[in-house]
Amino acid sequence: MNKIDTSNPVRKTDIREIIKDGFTFFEGGCGTILQGKGLKPGEQPEKWNITHSDIIMGMHYDYLKAGANIVKTNTFGANSLKYELANGEFPLSTVIKAAIGNAKSAIKKSGRNDAYVALDVGPLGKLLKPLGDLPFERAVGIFKTTIKIGVQEGVDLILIETMNDIYEAKAAILAAKEVCNLPIILTCAFDESGKLLTGADPKTVVAVAEGLGVMAVGVNCSVGPLQMVDVVKELSEYASVPVVCCPNAGMPRTENGKTVYDVTPDIFAEAFTPLVEAGAQVLGGCCGTTPDHIKAMREHVLTLTPKPLEEKKHTLITSYTHAVEFDKRPILIGERINPTGKSKFKQALRDHNIDYILQEGLTQEDKGAHVLDVNVGLPEIDEVEMMQEVVTELQTVTALPLQIDTTDPIAMETALRLYNGKAMINSVNGKEEVMEAIFPLVKKYGGVCVALTIDEGGIPETAEGRLRIAKNIFKRAEEYGISPKDLIVDPLCMSISADPGSADVTLDALCLIKEELNGKTSLGVSNISFGLPNRDLINGTFFTMAMQRGLNAAIMNPNSREMMKAYYTFNALKAIDENCMEYIEHADELAVTEAAPTADKNVVPAASGVETPNDPLITAIVKGLKDRAAAVTEDYLKEKESIDIIDNYLIKALDIVGKGFEKKTVFLPQLLMSAEAANSAFSVIKAKIVASGSKEESKGKIVVATVKGDVHDIGKNIVKVLLENYGYDVIDLGKDVDPEKVVETVLKEDIKLVGLSALMTTTVPAMEETIKQLRKSAPDTKVCVGGAVLTQEYSDMIGADKYAKDAMETVRYAEELFA
Amino acid sequence: MTVKYSIRKEDLNINPYDVLRYLGYAKDRITEEDERMVDECIEEAREFLSPKACYDRYHVELMDDNRILMPYGEIESKSLSYNLSGCKEIYIFAATIGASYDRGIKTMSARSMAKGSVFNAIGAAAVEEVCDRLNEELRLKSEVLGEKLKTRFSPGYGDLSLDNQKGLFRVLDPAKHAGITLKDTLIMAPEKSVSAIIGIYDA
């Protein structure tokens, strides 16, 4: 890493010291001032650093005279997406240098020796993957380029502002950390609902930002001062660093075709009373504010007393939307994403069956897990790559925070870097070598780390022995600058079948860790019953005993009935569950599932306009009843052959629905529901085939892909599900697929049929290119195309063999081709 | 100056018939049960909605040969020239139901494709509703000033190329004001977003 040396002798007091005591003042609006001076819509304000340097300098000067002591350089949009690096009329480096030059000149002219220059870094205007198309590492790279230039020009701190996505904020902070050692301030744009555009609440922002080591965190833009009070309150409740607040001059509105901000300097100033009371300490303004606003605000605020800064003790992990706090309520960490002892899961990893892994995650979420443990280590797969993919994919389908569980430090770093939020880390222990590998990662990326009480000497047999290791881990963590609140001790539980005293030792250790270290605790509860029959009974009782001793988190199976019972009853008895609401809901659910274990519910109403033969399996599929279809299939398998069930029941049912779809008496959701029911019947058959050791019947292999540049995959997924139902092996290459990858797969797997999907006119050329390459390398392979924008005409034009107007038509074509 | 338009998710009226239409349901085949299902899904989907929009007003000049001087430069489009006939000013707006909805569709689809497809259709109906509401507000604003509005027109309609998205995004900056971004493919992220031009003429 080539960090720029920023340890020059400091001319003035370190901003890190200044900012903690009393108030500090930022400048106010910039863009709105420039617009008032003639900046046109769409014109890049950063160019004015060169073309109108007098105006920029004058603006900084006015703010300094108004009492601001941190100047924000006019570099909000100065990044390599908007400016060429070294060419053209306005190269990026020239623009940034001019901006910093203007800021410094203004300070000099003002004669102030207590003013600092903050390099202003705004959002890139692009959404990061997977929501948008900007890869995380590319975002880090773009931010690094800007920050590096700023640091070389001698700014005092980095201000990352107006962030509306916590993931992008993380990219920017990491970039700053990898380029320099300057202090970093993060301010985010919370909207009227008190959240970022991508969903994070203030608590989450604090947890992520402090985990990454910012000097101050806060809010700017979006709303006026009054609407910011609640956000500032929440930020200040969780932040141990100073809270920043830079509101707009109210909300802009149009008046006779003109845009106006209507909060005057006096009203603006007054509005800071509740903000200061709520804990804001670093103050300024954003859109619509002027030097007059800052002057009035400063004069008013200096009559108030700042809320004293305190170290907060909350143990927080987050996803991209919300935080999970380890406190009174025990936290359930779902353990099912883990291959240990699970042959199906191992097979899914080998087959690269990400869907299976995602389903494991979703099921645990539905059962009540608060956090998901992710362990994808298997000797024969590339764990780093798999971890990266599973973390990314899980974070697109679930908003639960994840616990990264691996012993491979590279997989750990890759996951922590890419993770959207502040992750839980599983784990560190008392071994020096492990602490040396893991603690620097915790320090760099943030996270709450599980600390196992085991060291070079093994697991101590006494509670005191385990406490000793915990103490040592705490001490070493502190040396790395990791706060005790970011550690959760796991005093380990061993089976009582091997050591009858082990439960007591573990329980005593829980107490000691709480009493002597004020430490949070976690346990892999089910280990206690290893080797015993009906383990769930022991697990449930032990879980209750541990919670009573203050256990904060359990790594457990949310499908375990006894553990869930223990959890809900404990919370009700300890008044953690207000009015026993959650308990009552759980009890009701239990009663329902115990009375009718296969209660089946339709997602959408079944099709009404189809005739169904009088057969339970066909009816179940046509009506889209998943559980029932599976149960009937189990029965049928006792007397019928698999192939008989597939051909005479599954396919027959799907044909009925398919024909209805073509006649417009059955509609898309119903078709899909039937496909899902058929799928669940099909999995039962598949399981039987696998168990019996005979080979699966496959009608043929088909490749499906959404073409390069296109990320719409709903249509393609529908086609895939239907084809699988009809007994084809489908190789799904996903979305945004390079033509080369399609060709490569076709050649490797000897594919007869390729299905390509495109949803946008702009990606039809990519489809054409894919077909062209296929023709060249695999002239015998047929290509079927589909998607919203395609027509028979387009299809002919780009040389496809078949245009399928919907999923059923693709199936029909495959049936023809493979007949 | 770009102005934000706010509407609360609770206030969006999403019509179940529109949703069923997007899903391809034939009108005479919609049952009460279908309607109830969509209504339930709409309430579930509402949690994921975060409607936002922004707009601004600009000068526009219609010239010969279907050329138009837009605030971001000169373009050529027969369909837009026709749509804007008699206009000297336009509104440009961008509207979305937010990034969380994209995640909502993904989450639902992972649980059930059937439900995912319903969520997808609800999203389409919801963003249209945001556009309609903003459109109505702009109409009322203009009415006071003695002006009328043309039907809204988006890049991709008729011969107005998607390339216009770049210009629209440059002058309006909806990334900053409503969290709407443009991908390299000129498609917007979040997925359920709309950008459009509305002609203003004297009544």
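Residues numbered from 1 in each chain as written. Chains lettered and ligands numbered in written order. Predicted model: local features only at pLDDT ≥ 70, side-chain atom pairs only at ≥ 80, totals over all residues. Heavy atoms only, no water.

1. Comments concerning the overall build of chain B
This is how the line gets drawn: To qualify as a helix, a DSSP run of H or I must reach at least 4 residues; to qualify as a strand, a run of E must reach at least 2; elements of each kind are numbered from the N terminus. To sort residues, take the accessible area from a 1.4 Å probe on protein chains only and compare it with the maximum for the residue type: under 20% means buried, over 50% means exposed, and anything in between is partly exposed. It only takes one pair of heavy atoms within 4.5 Å for two residues to be counted as in contact. His residues and chain termini do not enter the charge count, which takes Lys and Arg as positive and Asp and Glu as negative. Charge coordinates come from a single atom per side chain, which is NZ of Lys, CZ of Arg, CG of Asp or CD of Glu.
Regarding its fold elements, chain B presents seven helices and 10 strands. Seen along its three principal axes, the alpha-carbon backbone of chain B occupies a region of about 55 × 35 × 30 Å. Residues counted as buried form 58% of the 203 residues belonging to chain B. Excluding contacts between residues fewer than 6 apart, the proportion of contacts in chain B whose partners are at least 24 apart in sequence is 74%. Of the charged side chains in chain B, 28 are positive and 34 negative; the average position of the first set lies 3 Å away from that of the second.

2. Details of the sheet that holds strand 7 (residues 243–246) of chain A
Residues and elements named next belong to chain A. Selection rule: Strand pairing follows a simple DSSP-based rule, namely that at least 2 bridges must link the two strands. Angles run from 0 to 180 degrees between N-to-C directions of axes, and those axes are lines fitted to C-alpha atoms, restricted for helices to the stretch in contact.
Taken in spatial order, the eight strands of this open sheet run 1-10-7-6-5-4-3-2, and their pairing is parallel. The open sheet has two edge strands with one neighbour each: strand 1 (24–25) and strand 2 (70–72). One ladder, built from three bridges, connects strand 7 with strand 10 (residues 280–283); its direction is parallel. Paired with Val244 across the bridge in strand 10 is Val282. Across the sheet, helix 7 (residues 166–179) is in contact with strand 4 (157–163) and strand 5 (184–188); its angle to strand 4 comes to roughly 170°.

3. Quick notes on the interface of chain A and chain B
Worth spelling out the cut-off: Summed over both partners, buried area is the accessible surface (1.4 Å probe) that two parts give up on being assembled. The working definition used for a salt bridge is a side-chain nitrogen of Lys or Arg within 4 Å of a carboxyl oxygen of Asp or Glu. Within 3.5 Å is the distance limit for a polar contact, defined as a pair of N or O atoms, with the added protein rule that one can donate a hydrogen and the other accept it, and that residues adjacent in sequence qualify only through two side-chain atoms. Classification used: nonpolar for Ala, Val, Leu, Ile, Met, Phe, Trp, Tyr, Cys and Pro, charged for Asp, Glu, Lys and Arg, polar for all others including Gly.
The partner chain B presents 52 residues to the 61 residues of chain A that form the contact. Taking both sides of the interface into account, the surface hidden between chain A and chain B amounts to around 4,800 Å²; carbon and sulfur atoms contribute 61%. If you look at where chain A meets chain B, you find four salt bridges. Here Asp191 of chain A makes a salt bridge to Lys52 of chain B, at a shortest N to O gap of 2.5 Å. Where chain A touches chain B, the interface holds 15 residue pairs in polar contact (both at pLDDT 80 or more). Elements that contribute at least two residues to the side of chain A that touches chain B include exactly helix 2 (31–36), strand 8 (253–255), helix 14 (354–367), helix 15 (383–397), helix 26 (668–692) and helix 27 (714–725) of chain A. Among the elements that line the side of chain A that touches chain B, the one with the most residues is helix 26 of chain A, at six residues. A per-class count over the side of chain A that touches chain B returns 25 nonpolar, 25 polar and 11 charged.

4. Section: the packing of helix 4 (residues 53–66) of chain A against helix 12 (residues 291–301) of chain A
Residues and elements named next belong to chain A. This is how it is decided: Here is the rule for angles: anything less than 35 degrees is roughly parallel, anything more than 145 is roughly antiparallel, 65 through 115 is roughly perpendicular, and the remaining ranges are oblique. By definition, turning the near helix anticlockwise from the far helix through less than a right angle yields a left-handed crossing, and turning it clockwise yields a right-handed one.
Where helix 4 meets helix 12, the axes come as close as 8 Å, and the angle between the chain directions of the two elements is 15°. Here helix 4 is positioned roughly parallel relative to helix 12, judged by the angle of their axes. Read as a crossing pair, helix 4 and helix 12 show a hand that is right-handed. On helix 12, the residues that touch Asp62, Tyr63 and Ala66 of helix 4 are Pro291, Ile294, Lys295 and Arg298.

5. Quick word on the domain arrangement of chain A
The criterion, for reference: The source of the domain bounds is an automatic or database domain assignment.
Each assigned domain of chain A is listed with its residue range as follows: domain 1 (40–243), domain 2 (316–592), domain 3 (616–692) and domain 4 (701–818). Placing the centre of domain 1 of chain A and that of domain 4 of chain A at their C-alpha centroids yields a distance of 44 Å.

6. Some remarks on the environment of Gly715 of chain A
The topology assignment puts Gly715 of chain A in helix 27. With 43 residues separating them in the primary sequence, Gly715 of chain A and Ala758 of chain A have C-alpha atoms 8.9 Å apart.

7. Concerning a nonpolar patch on the surface
All names here are of chain A. Heads up, the condition is: Patches were defined on residues exceeding 30% relative accessible area and lacking a salt bridge, with like-charge contacts within 9 Å and nonpolar side-chain contacts (Val, Leu, Ile, Met, Phe, Trp, Tyr) within 5 Å. Only the protein chains shown count as cover for residues, and all accessible areas are computed by the Shrake-Rupley method using a 1.4 Å probe.
A cluster of nonpolar side chains, namely Met581, Tyr583 and Ile584, defines an oily patch on the protein surface of about 290 Å² accessible area. In this fold, Tyr583 is placed in helix 22 (residues 581–595). A relative accessible area of 33% means that Tyr583 is categorised as partly exposed.

8. Here's the deal with a negative patch on the surface
All names here are of chain B. Together, Asp64, Asp65, Glu76 and Asp159 line one region of the surface with negative charge. As for its placement among the helices and strands, Asp65 is situated in the loop between strand 3 (61–62) and strand 4 (67–70). With relative accessibility at 59%, the residue Asp65 sits in the exposed group.

9. Quick notes on the pairing of strand 23 (residues 753–757) of chain A
For a regular strand, side chains alternate in direction, first toward one face of the sheet and then toward the other. All names here are of chain A. Counting buried residues in strand 23 gives five out of five residues, a clear majority hidden from the surface. Judged by which residues are buried, strand 23 turns out to be covered on both faces: Leu753, Gly755 and Ser757 on one side and Val754 and Leu756 on the other are all buried. Across five bridges, the pairing between strand 21 (residues 701–706) and strand 23 is parallel. Each residue of the ladder has a partner; that of Ile702, found in strand 23, is Leu753.

10. Concerning the nonpolar core
Condition: We define a nonpolar core as any set of buried Ala, Val, Leu, Ile, Met, Phe, Trp, Tyr and Cys residues linked to one another through side-chain atoms lying within 4.5 Å.
Membership of the largest hydrophobic core comes to 151 residues, with the highest contact counts inside it found for Ile147, Ile158, Leu186 and Leu283 of chain A. Composition of this core by domain shows at least three residues from each of domain 1 (40–243) and domain 2 (316–592) of chain A. The contacts of Leu186 of chain A, once residues within four sequence positions are left out, are Ile160, Met163, Ala169, Ile173, Val205, Ala209, Val214, Ala216, Val217 and Gly218 of chain A. The next biggest cluster of nonpolar side chains, apart from the first, holds 100 residues, and it includes Ala653 and Ile685 of chain A together with Ala26 and Ile198 of chain B.

11. Side note on the pattern of salt bridges
Residue and element names in this part refer to chain A. Applying the stated criterion across every chain, the model contains 54 salt bridges over all chains. The salt bridge partner of Arg468 is Asp455, with a shortest N-O separation of 3.9 Å. On the criterion of sequence distance, the pair formed by Arg468 in helix 18 (residues 463–479) and Asp455 in the loop between strand 17 (448–452) and helix 18 is long-range, its members being 13 residues apart. Look at Asp455 and you get buried, because its relative accessible area is 15%. In this structure, the salt-bridge partner of Lys565 is Glu562, at a minimum N-O distance of 3.7 Å.

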